[in-house]
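As a plain string of letters, each chain reads:
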Amino acid sequence: MAVLSKIRQRSFLLIAVIGFCLLAFIVGDIFQSGAFSGASRYVGTVNDEEISFEDFNKKVVNLEKSQQGMTTTQAANRIWDQEVNIVLLTEEFEKLGIRSSEEQIMDILKQSQDIGQNPMFVNANGLFDQKKFDEFLTSNPEAAKQIAERKKEAALNAKFQSYGSMIRGGMYTPAFEGKLKYKLEADKVSFDYVQVLYSSIKDSDVKVSDEEIIAEMRKDQKRFKAEENIELEYILVEDKPSAEDEAEVKNAINSLMAPRVELNEETGKNDTIPSFMNAKNTEEFVSENSDIPYDSSYIAKNRLPAEHAEALFNLPAGSVYGPYMFNGYYAISKGMGRKAGANARASHILLAYKGAMRAQPNVTRTKEEAAAKAAELLNEVKANPNNFMMLAMVNSDDSSKQNGGDLGYFEPGQMTTKFNDYVFNNPVNSVGLVETEFGYHIIKVTDKQDAVRLATIARKIEASEETNDKNFATASKIENDLKSKSIAEVAKTYKLTVAPVVKVQPMDEVVGALGNQRQIVRWAYDDGNEVGSFKKFDIPNVGNAIVSIKKYNEEGLMALDQARPMLEVKLKNKKKAELIKAKLKGANLAAMAAANKTTVKVATDVTIEAGVLEGVGPEPRVIATAMALGANKLSAPIEGVSGVYVVSAKAVTAAPAIKDFKDYVAKLQAQNGSAPGRILNALKDAAQIEDNRRLFF
């Protein structure tokens, strides 16, 4: 009782202690969750508008579920683009005072088949009934919630339509631009010219330095901008079978070629197991000894392993061939017979009719009309068999018309019964008419293949547990050695190679030849890493990759190795142009042509709009120069697309005068249709965007 009394007296202290512990637990959990830590709970911000992880993640999960085969990273990237666009456009809508009416929202919702064409919401005249729709939502609260979310999306869509109309409406095309468009299309010029190709000078005769590449990039920094990235290099220790593993599988296959004695555990006596060649029940023998099930089908020669096709195709019944390797297996095959004409190839012209199976909605002919047309085409084919392909392309109602009616090779039973029977019961080059449930077919048998049946025992060549343990141990040693040696030194020690450098950005998931390895990208961007950091990663069904960080590249100009292929030819051509210009001397084109071992060429009635010289290709600058030059005048050297030119204009034919240029103005205005979509890039360039996706996905 004394103890109980003391507990009661000190109960307030006990309660205080418990309360303190609970508080500590809660506070600790808050800190762990990141509420008071440095970790952001936002996927990112767009112009200070925060995108919360919770809402973002729900959308990612929903998208991933709805798109089969889409990875989480791919879904996150798509939702990010969507969310950024929504924030930027919403800001624009607010600035411009753009609103969406209930009527606009409903018009967009009605475009969805599940609403606009839903029998529940359609009246007797087949029109959408707003009253029925509203009554349904009133009586179905859950559906009403879903529609409320869809209305938000529809409201944005409606605003964007208004926004797009405003942008297109603000893009005015004056009449003089239409006039210029007309003249570019219709004014013609004829001229003589001398062309000296850039390729006449060897690439090795002109050099482009790194400094020149960098200077050229700086002229257009937006085009040659590179996002931040990390350069990774790795050594791959593959989970591949050793020579011992391969020999073991080969020996196991070889053991089936001769009879063997095995203990029968049920009888306690030794049983003699016949060889594969002498097995009484071949199918059962294969099933007991092969990693690949028995296949009783006949196989054409072109479907057999290429290296062994000749031997397998000509294998006598009862004989065994092998062991041989194919697709990572050791195998032996037993001949089970040969069949003439086992596979066939045919072409057809299908004349469908209204009501026939799978007939397209645009097929309106009757069955009688289809039969008559088929008979007519059959006579045409018999009169001139070489016309079959063209007749099929023009007349057939089957998708095979794109291939001239060719259906490729097929086996018995793959086609509908009457079609199948005609093809397999008639010789090559036979032409006939068959009616099936699909319509009337004019069939031409184009080829038949003999095929063989083989009983094949195949064992997969796999790494043993012992080999996998050795490979893992090697990978672990490599990881340990990287503490004191460079990745190149370690690779040399183990007679392995360092994979080519892979550049990854924060939301990438593909790591070179390793494929989708988001785990590696996330590790690379961990704040605790630095140049030289390394880690071993298990790559399922591949092996172990020991990855090392080679370099961090901040946002800026593109790396030289990426930019050089894009700029080197252009810069070399500029240097070649100067060399060519020095040789283009002479009083006239003939003298210039002779000095450069070429000829004077003629261009007749070409336009600036087309911009193409016959036999040469696009050369808009050359044509424009000739157009502006004036008759019988010699131009200065022109740097064109494929070489340097000198032109002498002969005649300019002005376009006929027309009253107005509205058709040409309309052509230019039509190009403005995509303007609303292009404006998003401009908004993104001007926005302040912070992207934290890599912390969450």
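Refer to the structure printed above.
In short, a report on the structure. Please read all numbers here as calculations on a predicted model, not as lab measurements.

For the rest of this paragraph, the subject is the nonpolar core. In this structure, F56, V60, Y163 and F697 are the most contacted members of the largest nonpolar core, which totals 27 residues. When residues of this core are assigned to their parent elements, the largest contribution, 9 residues, is made by helix α4 (residues 72-96). Ignoring any residue separated from it by four or fewer positions in sequence, one finds F56 in contact with V43, I51, A76, I79, W80, E83, R693 and F697. By size, the runner-up hydrophobic cluster in this structure holds 18 residues, among which are V511, F537, A545 and V547.

With that settled, the discussion passes to the packing of aromatic side chains. Counted under the stated rule, the structure contains 21 aromatic pairs. With centroids separated by 5.6 Å and ring planes inclined at 25 degrees, the aromatic side chains of F276 and F285 adopt a geometry described as stacked. For F276, a relative accessible area of 0% translates into the label buried. The cationic tip of K334 hangs over the ring face of F276; the distance from NZ or CZ to the ring centre is 5.6 Å.

What follows concerns unusual backbone geometry. A cis amide bond, omega 0 degrees, links G322 with the succeeding residue P323. Residue placement: P323 occurs in strand β9 (residues 320-326).

With that out of the way, let us pick up the packing of helix α5 (residues 102-109) against helix α8 (residues 141-170). Where α5 meets α8, the closest approach of the two axes is 8 Å, and the angle between their N-to-C directions is 105 degrees. The pairing of α5 with α8 is recorded here as roughly perpendicular in orientation. Contacts from E102, Q104, I105, M106, I108 and L109 of α5 reach α8 at I147, R150, K151, A154, A155, N157, A158, Q161 and S162. Each residue belonging to the contact of α5 with α8 can be placed in one class, and the counts come to 8 nonpolar, 4 polar and 3 charged.

Moving on, we come to a nonpolar patch on the surface. On the surface, M389, M390, M393 and V394 cluster together into a nonpolar patch covering about 420 Å² of accessible area. Take M389: its relative accessible area is 51%, and that puts it in the exposed class.

Moving on to the sheet that holds strand β22 (residues 643-653). One open sheet accounts for 4 strands, arranged β18-β3-β22-β21; its pairing is antiparallel. Looking at strand neighbours, the two that pair on one side only are β18 (601-606) and β21 (638-639), the edges of this open sheet. Relative to β22, β21 runs antiparallel, the two sharing 2 bridges. Bridge pairing in β22 places E639 opposite V644. The strands touched by helix α22 (residues 620-629) within the sheet are β3 (188-197), β18, β21 and β22, with β22 carrying the most contacts at an inclination of about 45 degrees.

Spatially, β2-β1-β23 is the arrangement adopted by the 3 strands of the open sheet, whose pairing is antiparallel. Single-partner strands in this sheet number two, and they are β2 (49-52) and β23 (689-691). Within this sheet the neighbouring strands show an average axis-to-axis angle of 20 degrees, counted without direction. In the sheet, strand β1 (residues 42-46) pairs with β2 via 4 bridges, with the strands oriented antiparallel. Its bridge partner lying in β2, Y42 is registered against S52.

So, on to the pattern of salt bridges. Following the criterion strictly, the structure yields 35 salt bridges and no others. Between K570 and E216 there is a salt bridge, with the nearest N and O atoms lying 2.9 Å from each other. With K570 in helix α20 (residues 560-583) and E216 in helix α10 (residues 210-219), this residue pair connects regions lying 354 residues apart in the sequence. Accessibility expressed as a relative area gives 9% for E216, which makes it buried. Here the residues in one salt-bridge network are K181, E185, E609 and K667, joined through shared partners.

Calculation rules
- Residues numbered from 1 in each chain as written.
- Predicted model: local features only at pLDDT ≥ 70, side-chain atom pairs only at ≥ 80, totals over all residues.
- Heavy atoms only, no water.
- Core = buried A, V, L, I, M, F, W, Y, C linked by side-chain atoms within 4.5 Å.
- Buried < 20%, exposed > 50% of the residue type's maximum accessible area, 1.4 Å probe, protein only.
- Helix = DSSP H or I, 4+ residues; strand = E, 2+ residues; numbered from the N terminus.
- Contact = heavy atoms within 4.5 Å.
- Phe/Tyr/Trp six-rings, centres within 6.5 Å; stacked < 30°, edge-to-face > 60°.
- Lys NZ or Arg CZ within 6 Å of the ring centre and 35° of its normal.
- Axes fitted to C-alpha atoms, helices over the stretch in contact; angles between N-to-C directions.
- Parallel < 35°, antiparallel > 145°, perpendicular 65-115°, else oblique.
- Nonpolar A, V, L, I, M, F, W, Y, C, P; charged D, E, K, R; others polar.
- Patch = residues over 30% accessible without salt bridge, like charges linked within 9 Å, V, L, I, M, F, W, Y side chains within 5 Å.
- Areas by Shrake-Rupley, 256 points an atom, 1.4 Å probe, with all protein chains shown as cover.
- Salt bridge = Lys/Arg side-chain N within 4 Å of Asp/Glu carboxyl O.
- Pairing = 2+ DSSP bridges.

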